[in-house]
Number of protein chains: 2
Amino acid sequence: MYRTHTCGELRISDVGKSVTLSGWVQRTRKLGGMTFVDLRDRYGITQIVADGSQNAFMQEQLNELGREYVIQIQGIVIERESKNKHNPTGEIEITAHTITILNKAQLPPFTIEDDTDGGEEMRMKYRYLDIRRNPIRSNLELRHRMAQAIRKYLDTQGFLEIETPVLIGSTPEGARDFVVPSRVWPGQFYALPQSPQLFKQLLMVGGIDKYFQIVKCFRDEDLRADRQPEFTQIDCEMSFVEQQDIIAMFEGLAKFIFTEAKGVTFEGDFPQMTYADAMKYYGCDKPDIRFGMTIYELTTLMKGKDFKVIDDAQYVGAIVAPNCAAYTRKEIDELTEWVKRPQIGAKGLMYIKYNEDGTIKSSIDKFYSSQDLEQLCQECEAHAGDLLLIISGDQATTLNALCELRLELGNRLGFRPKDVFAPLWVVDFPLFEWDEESQRLYAKHHPFTSPKPEDIPLLDTNPQAVRANAYDFVVNGSEIGGGSIRIHNSELQAKMFSLLGFTPEQAQAQFGFLMGAFTYGAPPHGGLAFGFDRFVTILSGADSIRDVIAFPKNNAAKDLMAECPTEISQAQLEELCLQIRKK
Amino acid sequence: MYRTHTCGELRISDVGKSVTLSGWVQRTRKLGGMTFVDLRDRYGITQIVADGSQNAFMQEQLNELGREYVIQIQGIVIERESKNKHNPTGEIEITAHTITILNKAQLPPFTIEDDTDGGEEMRMKYRYLDIRRNPIRSNLELRHRMAQAIRKYLDTQGFLEIETPVLIGSTPEGARDFVVPSRVWPGQFYALPQSPQLFKQLLMVGGIDKYFQIVKCFRDEDLRADRQPEFTQIDCEMSFVEQQDIIAMFEGLAKFIFTEAKGVTFEGDFPQMTYADAMKYYGCDKPDIRFGMTIYELTTLMKGKDFKVIDDAQYVGAIVAPNCAAYTRKEIDELTEWVKRPQIGAKGLMYIKYNEDGTIKSSIDKFYSSQDLEQLCQECEAHAGDLLLIISGDQATTLNALCELRLELGNRLGFRPKDVFAPLWVVDFPLFEWDEESQRLYAKHHPFTSPKPEDIPLLDTNPQAVRANAYDFVVNGSEIGGGSIRIHNSELQAKMFSLLGFTPEQAQAQFGFLMGAFTYGAPPHGGLAFGFDRFVTILSGADSIRDVIAFPKNNAAKDLMAECPTEISQAQLEELCLQIRKK
């Protein structure tokens, strides 16, 4: 037997016991005639001690231990002279009687400490060492607790967890599908699912009624920060439900997760905001509502003063930075440069300082009288001491710039603490979005999303105005989940495909077996999927989803530890009837 | 709101309530002036009724419903005149007041009944309809309950569920790996894991201590009955453990699953049998111990009687079929043909009938005196009325033939009831097996399996005699799980690779990052994986793992519903820098 106890469980009440512990050497310290070893495992750290005056041989053995050696210690639990209140085992230590070195260790390439000296590349390459560090380990523990809570809640609510296939069919439009050549069927391919969407809808046709799965999905995406080629979804679907049934069910789930995994509770329902309001007041469809600083549109109010920048603009909007009227010229210049970066894309930044003493100072007082400026302050509900920041331009870019500026100032002003959680449902998404380039409509959510019944007449007259029974779950400005009520009527589905520019043949080729299934008695149904990696990231306070994944890939989709992807052998290629062609 | 209740929950105590139900039309029946509809959902069947004399319009609407129509019914719960004790809702019915057809249905291609008229191909193609049938749905429900029980138990025991990557590196020997071309890194490939073996060992190096995962694994295997290209493992690993710690932990898990999912309990520990005994007494390493009929070796006893078939044989063995002495010549001939089939491969079958009256009759009495035959009966502990069946030949084939014959007779004699479960640990597997063809040793389990410490000296002198710290979990003759204590010492691992014929360079290329990890402080560790599909199959009593998988592939690795694998477009191939070459 390797151990009687873990390194996290011995207490003052265990004093006198003969125990055996196993673990890793966190550090050794010589102090006078004594040597101390911090022995670490997943559960904690226990101090081992050898007194040279009583057991010189043991002290020598402890002195020779290297960092991260794996050892087994047998000894007696004694009370410590100088107790460590910060460590649950800090009232005791173990006098070592026998020691066995279970495995030696090379010196790790970075320190196994909360604040390590290892850079991200190094930590990814030696991920098995990184996992020994508290921050990563506790993220994985949180992820485990969240997964257990999710299953407990959904099981209680009558959901069945059902595994859908990972080897599925590729679709003609599946440009971002990973494909998998079949050895048994040369020249043919499976695809890895970007989501189990079709299968969960088929489960509803199959009468499963309530389905969920915590499931890996895959996207061979152009590289983007904080995306992973494989990611985990909490995928759910229900039959005989309307939008509010789904929102109620998964709001319950979200609350349960927050409580079970973080001890956070919420009073009352989560707020709901229409997509239109989110865009109008926050400039995006995933507002961070931990703080105010909403957007005020000033287009009408500011036009007509012979100020070309404004008069030519499609849209003018402002946000109010509270108590920032004292910002220096330099600070405002820096913000101006910030919004002019290509990622943000604003042409410039105007300001109105509503000083503490009631006076007003502005970058645009050439065009606006002090009365005008006062009116603008009033319109934006600014108070003395506040700073109005104004951007103009085309509507989409300007709203986006105001959104980003608001979030940046929220960070700088400390309005976005990581331990405050502000969940929000964004509802009434548009059914379609128009793509200028290809001059066609795309499904905003996906082609199975149901329009709001009252908007169905608009499908023929003004499809862009049609609202969908679609909803997103947003926490702290991060889209954590989304879903929709699906179309269960074949005719409506056919109309949808036609509006999306599919010929009946294309629709058949791509979604044939789902449409076939719908002719055999599909129930009304809808669902939702949470991005599990992002949900854990938000709750953990981690900076990147890579910090909540045991073995993540880097932003170039490479696993630096396992060194993949790689070339494969000619023999393997031949078995698959494949040949690499140079680009 | 689509429903106030499910179709499985209304009882006599609900009489008088106004309710709304939604579901599928199982059947409609006209009986005199009344029409009855069985309305079905996942939870049960509730009878809907319309009395033509009171509501002719409603009766007409019910009469027009087709099978599998999806409808919503609003009505009043009333007590039934003729109650159905077999249905939990059988004491009530609903007088329909309003009906809404939510979706019409084509006539399904097979009946949605427990005993359907659909063949397997048809049921696979329309799997979403097959899932509506009780047998499939209840298998999926059992699978869900088992998965929940597994997580509950392992969570309580301190295991962390950690997701390992699905896109991993291919290994030079990974002939049965599915590979996944990367679009971002043209000419490079990921592979899908055949098991998370390396990653779970790395998690132990990372100090995770107790890991589990219910996880999809993949094997691009030549087609075999009852194998799936993707399958699900309950994958587990623990640190600082010896074989008995692992067996104790997962015996606890197995008992918990049996109890939670099936209400089956076991007294005392599961039996353990050495690999050597399993081969000797049952002719295979996964004995079905629901019944006796073990194998008796008769090689020495039967030789030397001038019977060439026996004298030339490497091995002679027998099983005793209890109370089968009265088998006719025809019956025995049929058994003889059965063991001579190529799948079994015996050359023939000898018998000794130990008749009820004490007389003995045999197919080999030309060579053996009645005293000899009596002695053979005695040796095999046969009783009057029993039938001895003897096979001779080379040892491996003969033991296998006796094993198969034993199982076949067990089936015929009713000794293998599906609702009796006989779990068993098979232990002390050999570390290696010798491959005649390639004239080299292979790892019986895998190359990381630890030899028994007392057998380590044999590595140099007689490696085939070395026993491993490896164990299998067997239920009713089916291998449900297996695992081993791993090697955590780099030198022993290097020796293992050399015995397996790897050069250090090959070992480095294939397992480099694991061996590297082992130099940074690997703890002693070991684990086990259960085949989840097979575990569910055993508990469900299903005939095939396809019956416990929501969307299985057929034995040719094809999904008949989603129609994959398929060819992909030239554009997709070009993006991946791939070209198909004709064989």
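Residues numbered from 1 in each chain as written. Chains lettered and ligands numbered in written order. Predicted model: local features only at pLDDT ≥ 70, side-chain atom pairs only at ≥ 80, totals over all residues. Heavy atoms only, no water.

Comments concerning the pairing of strand β10 (residues 230-239) of chain A
Residue and element names in this part refer to chain A. Using the following cut-off: When a residue's accessible area, from a 1.4 Å probe over protein chains only, is under 20% of the maximum for its type it is buried; when over 50% it is exposed; and in between it is partly exposed. Numbered from the N terminus, helices here are DSSP runs of H or I no shorter than four residues, and strands are runs of E no shorter than two. Any two strands with at least two DSSP bridges between them are considered paired.
The buried count for β10 comes to 10 of 10 residues, which makes it a mostly enclosed element. Judged by which residues are buried, β10 turns out to be covered on both faces: Glu230, Thr232, Ile234, Cys236 and Met238 on one side and Phe231, Gln233, Asp235, Glu237 and Ser239 on the other are all buried. As defined by bridge partners, strand β9 (residues 210-218) adjoins β10 across nine bridges and the pair is classed as antiparallel. The partner of Lys216 across the bridge, within β10, is Thr232. Pairing of β10 with strand β22 (residues 525-531) involves seven bridges; the strand directions are antiparallel. By the bridge assignment, Cys236 is partnered in β22 with Leu528.

Here's the deal with the pairing of strand β21 (residues 478-485) of chain B
Residues and elements named next belong to chain B. With seven of eight residues buried, β21 lies mostly within the body of the structure. Across six bridges, the pairing between strand β20 (residues 470-475) and β21 is antiparallel. Bridging from a neighbouring strand, Asp472 pairs with Gly482 of β21. Here β20 hands over to β21 after two residues, with Asn476 in that stretch at a positive phi of 55°. As defined by bridge partners, β21 adjoins strand β22 (residues 525-531) across five bridges and the pair is classed as antiparallel. The residue bridging Gly483 from the neighbouring strand is Leu528, located in β22.

Some details on empty space enclosed by the protein
Operational definition: A pocket, in this scheme, is an open set of points on a 1 Å grid over the protein atoms alone with protein on both sides within 12 Å along at least 5 of 7 lines, while a cavity is a set where a 1.4 Å probe fits but cannot get out; residues line either one if an atom lies within 4 Å of a point. Grid points are joined across faces, edges and corners, and a volume is the space filled by probe spheres set on the points. Residues are grouped as follows: nonpolar covers Ala, Val, Leu, Ile, Met, Phe, Trp, Tyr, Cys and Pro; charged covers Asp, Glu, Lys and Arg; every other residue, Gly included, is treated as polar.
For the structure shown, the criterion picks out 11 cavities of 30 Å³ or more. The space that makes up the largest cavity amounts to roughly 470 Å³. The wall of the largest cavity is formed by 28 residues, among which A:Arg151, A:Ile214, A:Val215, B:Ile214 and B:Val215 lie closest to the centre. Broken down by secondary-structure element, the contributors of at least two residues to the lining of the largest cavity are α4 (134-156) and β9 of chain A together with α4 (134-156) and β9 (210-218) of chain B. The element best represented in the lining of the largest cavity is β9(B), accounting for five residues. Of the residues belonging to the lining of the largest cavity, the class tally is 12 nonpolar, six polar and 10 charged. Of the volumes computed, that of the second largest cavity is approximately 140 Å³.

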